[in-house]
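Architecture at a glance
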Amino acid sequence: MRSEPASPISGVEMRLRSLHLRPIHPADLPLLREFVKHLSQDTGYKRLLSGRTPTEDELRRWSAIDVSREGAIVAIDKGPNGERLVGVARYVMQSPDETDFAIVIADAWQRRGLGRELMTRLIAAARAHGVRNLSGIALSTNFAMRSLARAMGFEAARMSDALAIKLSLDLSNTDVHAGNATGANPSDADQRASSSR
Ligand SMILES: CC(C)(COP(=O)(O)OP(=O)(O)OC[C@H]1O[C@@H](n2cnc3c(N)ncnc32)[C@H](O)[C@@H]1OP(=O)(O)O)[C@@H](O)C(=O)NCCC(=O)NCCS
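So, a few notes on the structure that sits alongside this text. (Residues numbered from 1 in each chain as written. Predicted model: local features only at pLDDT ≥ 70, side-chain atom pairs only at ≥ 80, totals over all residues.)

1. Side note on the overall build of the protein chain
Note the following rule: Under the DSSP-based scheme used, a helix requires at least four consecutive residues in state H or I and a strand at least two consecutive residues in state E, with every element numbered from the N terminus. The exposure scheme places C-beta atoms from the backbone and then counts, for each residue, the other C-beta atoms within 10 Å of its own, assigning buried at 20 or more, exposed at 12 or fewer, and partly exposed in between. For the purpose of contact definition, each residue receives a C-beta atom placed from its backbone, and two residues are in contact when these atoms lie within 7 Å.
Along the backbone of the protein chain there are six helices and eight strands. Taken from the N to the C terminus, the helices and strands of the protein chain come in the order α-β-α-α-α-β-β-β-α-β-α-β-β-β. Burial statistics for the protein chain: of 197 residues in total, 31% are counted as buried. Relative to all contacts within the protein chain whose residues are 6 or more apart in sequence, the contacts with residues 24 or more apart total 67%.

As structure tokens, this is what we get:
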């Protein structure tokens, strides 16, 4: 009797196989510090819309989040030389209708499907925590973020400053493509990326 062939593994699944996606916690501060230190100038600029380096206070705040109104998912590469943080996506809720998101992926991991994976999980987590509208600011020239956001159902609006755009996703619309994702809650994300796909 012939056994069923194994289900095909997508290219993205293969590339993300070594990564562990989970909610951030305060003990991640040293990993976050290293991550930020090694970002290229271009990537750091696109994340903060400025050439400055995050302060130690900011790094502390970004790792020890207030889970009642914030969510952050990190991607950890567990290599032979220890753990490295290679991506993080987060939201901060001012109110359900006013929630900001931000994402940044290590240069070497860009264009490998990680941004999409983290955004998918972040959106599902935000939705599960009652967020109705998720928005973020990006440089108008940030075609990678614009394209990723468009693919996930975000709308782009010009800002008064022509250098930036506002990306918004209406999560009250249950048909939003990205909201149908798996790995909904950061607490569910504590598993191998590959096992959830
Ligand atoms: C924007 C960013 C998060 C995208 O993450 P990523 O892991 O590289 O993206 P993915 O590999 O998951 O790509 C998902 C989709 O985004 C788009 N995209 C990603 N990189 C792109 C690029 N360089 N050019 C054009 N489109 C791009 C594509 O539509 C892509 O889908 P495809 O691969 O099927 O074509 C990443 O480039 C980054 O960290 N940039 C610096 C920080 C930043 O810009 N943050 C946003 C402001 S909050």
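2. Description of the site of the ligand
The cut-off we apply is this: The C-beta atom of each residue is placed using the backbone, and any residue whose C-beta lies within 6 Å of a molecule or strand is treated as near it. Three categories are distinguished: nonpolar for Ala, Val, Leu, Ile, Met, Phe, Trp, Tyr, Cys and Pro, charged for Asp, Glu, Lys and Arg, and polar for the others, with Gly belonging to the last.
Taken together, 23 residues sit near the ligand, with Lys-46, Gly-115, Arg-116, Ala-144 and Leu-148 positioned nearest. Looking at which element gives the most residues to the shell around the ligand, the answer is helix α6 (residues 143-151), with six residues. When its residues are assigned to classes, the shell around the ligand shows eleven nonpolar, seven polar and five charged.

3. Examining helix α5 (residues 114-128)
Just so we agree on the cut-off: Helix span, as expected, comes to 1.5 Å for every residue beyond the first.
Between its first and last C-alpha, α5 extends 21 Å over 15 residues, near the 21 Å set by a 1.5 Å rise per residue. Of all 15 residues that make up α5, 13 are buried, and the element is covered over most of its length.

4. Concerning the environment of Thr-43
You can see Thr-43 is positioned in helix α3 (residues 41-48). Residues contacting Thr-43, with those up to four places away along its chain left out, are Val-104 and Asp-107.

5. Quick notes on the packing of helix α2 (residues 29-37) against helix α4 (residues 56-63)
Short version of the rule: Fitted lines through C-alpha atoms give the axes, limited to the stretch in contact for helices. The angle between two N-to-C directions lies from 0 to 180 degrees. Here the angle decides the label: under 35 degrees means roughly parallel, over 145 means roughly antiparallel, 65 to 115 means roughly perpendicular, and every other value means oblique. Handedness of a helix crossing follows the sense of rotation of the near helix relative to the far helix, less than a right angle counterclockwise being left-handed and clockwise being right-handed.
Between α2 and α4, the least distance of the axes is 9 Å, while the angle of their chain directions is 125°. Judged by the angle between their axes, α2 and α4 are oblique. Relative to α4, α2 is oriented so that their crossing is right-handed. Contacts between α2 and α4 involve Leu-29, Leu-32, Arg-33 and Val-36 from the first element and Leu-59, Arg-60, Trp-62 and Ser-63 from the second. Taken together, the residues of the contact of α2 with α4 sort by class into five nonpolar, one polar and two charged.

6. Here we look at the pairing of strand β7 (residues 164-170)
Convention followed: DSSP-based pairing: two strands are paired if at least 2 bridges between them are found.
Of the two faces of β7, the one holding Ile-165, Leu-167 and Leu-169 is buried and the one holding Ala-164, Lys-166, Ser-168 and Asp-170 is not buried anywhere. In the sheet, strand β6 (residues 155-158) pairs with β7 via four bridges, with the strands oriented antiparallel. Bridge pairing links Ala-156 to Leu-167 in β7. Adjacent in sequence and paired antiparallel, β6 and β7 are bridged by five residues.

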